[in-house]
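Chain residues, written in single-letter form:
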Amino acid sequence: MSVPTRDEIKDKDRRNFMKLLGVMIIGAGVAGTLRSVVQNIIPPIEGGASSFPILTLYLPNGNPVSTDDLIVNNPQTVTFNFPLENEPNFLLRLGDSNNKDVEINPTEVRIPANNTKYKVPGGVGPYKSVVAASAICQHLGCIPPEIHFNPPSSSSFPGKIHCDCHGSTYDPYSGFGVVTGPTQAPLPSVVLSYDEKSDSYSATLLVGPTIYGHSSDLTGGSNITPSGKTTVTTTQ
Ligand code: FES
């Protein structure tokens, strides 16, 4: 048996190294493919939905909310979850100081935080006076009863949504825009649709800033069940 030369030994080492490199590259490719497969099987930890659901508003008694169920300038707080569970939104039928319906026109709302604007559709219903928006304060996330609507007859902040936590105020008659800080963002508006035939209301979309505390409007919670419905809650 002949003794290998120095060059032969170097050649063999180089071939072994190349084989090892090949195995590593193939391994990395398989791992990458496996990772993407696993990511597609396991839902993201945050949970959420891929698109906005269309949810008809229902009363706790199982009937759809009709216009007569909504009190003009209701001093009680009426909310419904949308687009996911545990995301409360105000449902308001707005009126003047005599509690007569006020038609809410489409408007453009400014976000003070970044000085951008977006469009908010007007009110819906037979008097175009019904509007909805996130009930999670855009300052630090307080929810009702801390954040609440003050009817036009109130002595403080009449006709405004006021957050008792730190004093932010929003104008529901004008797209839920910011009236006073410390919030630097309006309340995201719910785009409602109204079905004249059945006199019923549905939530279809959110416009404006992202719901406070969420990376997007469609993450951070679970879907509302049964699908197609969300139930209103009334509190003092
Ligand atoms: S959380 Fe509403 S004003 Fe601070």
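Since this is a predicted model, take the numbers as computed values, not measurements.

(A) Quick peek at the overall build of the protein. Counting its secondary structure elements, the protein contains 1 helix and 14 strands. The proportion of buried residues among the 236 residues of the protein is 31%. Across the protein, every contact between residues at least 6 apart in sequence was considered, and the portion connecting residues at least 24 apart equals 61%.

(B) Looking closely at the sheet that holds strand E11 (residues 189-195). Taking strand neighbours across the sheet as the criterion, the 8 strands line up as E13-E1-E12-E11-E6-E3-E2-E14 in an open arrangement whose pairing is mixed. Both edges of this open sheet fall to strand E13 (229-231) and strand E14 (233-235), since each of them pairs with a single strand only. Between one strand axis and the next, the sheet turns through 35 degrees on average, direction left out of account. Pairing of E11 with strand E12 (residues 200-207) involves 7 bridges; the strand directions are antiparallel. Looking at E12, one finds that Val191 is bridged to Leu205.

(C) Structural detail: unusual backbone geometry. Of note, the bond from Phe82 into Pro83 is cis; its omega dihedral lies within 30 degrees of zero at -5 degrees. By secondary structure assignment, the location of Pro83 is in the loop between strand E2 (77-81) and strand E3 (88-93). A cis geometry characterises the amide bond from Thr225 onward to Pro226, with omega recorded as -10 degrees. With a phi close to 50 degrees, Phe157 is a non-glycine residue in the positive phi region. By the element assignment, Phe157 lies in the loop between strand E7 (147-149) and strand E8 (161-163).

(D) Examining the environment of Thr235 more closely. Structurally, the position occupied by Thr235 is in strand E14. The class of Thr235 is exposed, set by 11 C-beta atoms lying within 10 Å. With sequence-adjacent residues up to four places away left out, Thr235 is seen in contact with Gln76, Thr77, Pro144 and Pro145.

(E) Broad picture of the nonpolar core. Residues Phe90 and Ala132 are the most contacted members of the largest nonpolar core, which totals 36 residues. Secondary-structure elements contributing two or more residues to this core are strand E1 (55-58), E2, E3, strand E6 (130-134), E7, E8, E11 and E12. Counting residues per element, this core draws most heavily on E6, at 4 residues.

(F) Here's a closer look at the confidence of the model for the protein. Confidence in the prediction for the protein averages 85 pLDDT; 80% of positions are at 70 or higher. Low pLDDT (under 50) marks residues 1-7, which in the prediction has 1 contact with non-local residues, meaning those over four places away or in another chain. Long-range and interchain partners of residues 20-45, a stretch whose pLDDT sits below 50, account for 0 contacts in this model, where long-range means more than four residues apart.

Conventions and cut-offs
Residues numbered from 1 in each chain as written. Predicted model: local features only at pLDDT ≥ 70, side-chain atom pairs only at ≥ 80, totals over all residues. Helix = DSSP H or I, 4+ residues; strand = E, 2+ residues; numbered from the N terminus. Buried ≥ 20, exposed ≤ 12 C-beta atoms within 10 Å, placed from the backbone. Contact = placed C-beta atoms within 7 Å. Pairing = 2+ DSSP bridges. Axes fitted to C-alpha atoms, helices over the stretch in contact; angles between N-to-C directions. Core = buried A, V, L, I, M, F, W, Y, C linked by C-beta atoms within 7 Å. pLDDT = per-residue confidence, 0-100.

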